[in-house]
Amino acid sequence: MQFFNFEKTVKYCRRSGANGFVQTVVMNFTDLVLLNLMFVLFSVPVITLSPALCALNEMTDRMARDEPIYACRDYVAAFKRWVRRDFISAPLYLIAVAIGVFAFACYFSWAHTYAPLYGAAVASLCAVTVLSLAAVAYFPLLVKGWGRANAAKGAVRIALTRLDRTGPALLAAALPTAVCAALLPYSLPLVLLFPFSLSALAACYAMRGVNRPT
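Residues numbered from 1 in each chain as written. Predicted model: local features only at pLDDT ≥ 70, side-chain atom pairs only at ≥ 80, totals over all residues. Heavy atoms only, no water.

A. Inspection of the nonpolar core at higher detail. Of all hydrophobic cores here, the largest spans 46 residues; its most connected members are L35, Y75 and L141. When residues of this core are traced back to their parent elements, those giving at least two are helix 2 (17–27), helix 3 (29–42), helix 4 (49–64), helix 5 (71–83), helix 7 (117–143), helix 8 (148–161) and helix 11 (195–206). Top contributing element to this core by residue count: helix 7, with 9 residues. Contact partners of Y75, with chain neighbours within four places excluded, come to L35, M38, F39, F42, A52, A55, L56, M59 and Y70. (Core = buried A, V, L, I, M, F, W, Y, C linked by side-chain atoms within 4.5 Å. Buried < 20%, exposed > 50% of the residue type's maximum accessible area, 1.4 Å probe, protein only. Helix = DSSP H or I, 4+ residues; strand = E, 2+ residues; numbered from the N terminus. Contact = heavy atoms within 4.5 Å.)

And the structure:
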């Protein structure tokens, strides 16, 4: 006789909200550390950053949906799939952010002599902010099968209209990253342990329930 059927009861015990996110982190801490190490290892060549990031988001998306994973084996399999599918998303995003930051720095510096350029500086800062919020949504949507074009449009739309999703996820990603950056080089062991996988989990957790467009 079967006293407990997990498949029938799991829908009643889904974790949600900030407490649910913390529970997910605690219950999957070892896998998060392994995924972080795998991501660092597979993104070392730089050119493989995009498939490494997509594979990481695919794993954390499954984790956010309470699906069991075998961190190392499943990550390698996902990386092999994404190597054949996406090499440009992460570099394009980094280039766009770099252009926005450079434009902000230039306009802000020039505005000391020509005040109207403060408006251009603010516009550049807003663009970088939108790109940062969109990045929270883009990779989780991409690994859900949206495709690059639909994921980019959906990510920008969510960034502009759903701060309740992207804001907390960006904060959860930014805080450990900022702490690690401030404490370099002493924080290098922490960089190897959790910030990338934690950021990806926060993004995927925020995008739960966002369905693929038909």
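B. Representation of a nonpolar patch on the surface within the structure. On the surface, a cluster of nonpolar side chains totalling about 590 Å² of accessible area is made up of I47, F87, I88, L92, I95 and I99. By the secondary structure assignment, I47 is in the loop between helix 3 and helix 4. (Patch = residues over 30% accessible without salt bridge, like charges linked within 9 Å, V, L, I, M, F, W, Y side chains within 5 Å. Areas by Shrake-Rupley, 256 points an atom, 1.4 Å probe, with all protein chains shown as cover. Salt bridge = Lys/Arg side-chain N within 4 Å of Asp/Glu carboxyl O.)

C. Looking closely at the packing of helix 4 against helix 5. Packing of helix 4 against helix 5 brings their axes to within 8 Å, and their N-to-C directions diverge by 130 degrees. As far as their axial angle goes, helix 5 and helix 4 are oblique. For the pair helix 4 and helix 5, the sense of crossing is right-handed. Taken together, the residues of helix 5 that come into contact with helix 4 (itself represented by P51, A52, C54, A55, L56, E58, M59 and R62) are D74, Y75, A78, F79, R81, W82 and V83. Looking at the contact of helix 4 with helix 5 residue by residue, the classes come out as 11 nonpolar, no polar and 4 charged. (Axes fitted to C-alpha atoms, helices over the stretch in contact; angles between N-to-C directions. Parallel < 35°, antiparallel > 145°, perpendicular 65-115°, else oblique. Left-handed = near helix turned anticlockwise from the far one by under 90°. Nonpolar A, V, L, I, M, F, W, Y, C, P; charged D, E, K, R; others polar.)

D. Up close: the packing of aromatic side chains. Across all of its chains, the model carries 8 aromatic pairs by this definition. Ring geometry for F42 and Y75: centres 5.5 Å apart, planes at 70 degrees, overall edge-to-face. Of this pair, F42 sits in helix 3 while Y75 sits in helix 5, and the two are 33 residues apart along the sequence. Each of the two residues, F42 as well as Y75, counts as buried. (Phe/Tyr/Trp six-rings, centres within 6.5 Å; stacked < 30°, edge-to-face > 60°.)

E. Spotlight on the environment of F21. Looking at the element boundaries, F21 is found in helix 2. Sequence separation between F21 and A64 is 43 residues; the distance between their C-alpha atoms is 8.2 Å. With residues up to four places along the chain from it excluded, the contact list for F21 reads L198, L201, A202 and Y205.

F. Main features of the pattern of salt bridges. Within this structure, the stated rule accounts for 9 salt bridges. One salt bridge connects R81 with E58, and the closest N-O pair in it is separated by 2.2 Å. Placement of the pair is R81 in helix 5 and E58 in helix 4, with a sequence separation of 23 residues. Here D61 and R65 are joined by a salt bridge, their closest N and O atoms 2.9 Å apart. Here D61 falls in the buried class, since its relative accessible area comes to 4%. For R65, a relative accessible area of 33% gives the class partly exposed. One continuous salt-bridge network, built from bridges that share partners, spans D61, R62, R65, E67, R73, D74 and K144.

G. Just the confidence of the model for the chain, in detail. Chain-level pLDDT for the chain is 85 on average; 91% of the residues reach the 70-or-more range. Counting interchain partners and residues more than four positions distant, the pLDDT-below-50 stretch residues 1–13 has 1 contact. (pLDDT = per-residue confidence, 0-100.)

H. Region of interest: the packing of helix 3 against helix 5. The geometry of helix 3 relative to helix 5 is characterised by a closest axis approach of 9 Å and an angle of 35 degrees between their N-to-C directions. In this structure, the crossing between helix 3 and helix 5 has a hand that is right-handed. Residues D31, L34, L35, M38, F39 and F42 of helix 3 form the contact with helix 5, whose own contacting residues are A71, C72, Y75, V76 and F79. Of the residues belonging to the contact of helix 3 with helix 5, the class tally is 10 nonpolar, no polar and 1 charged.

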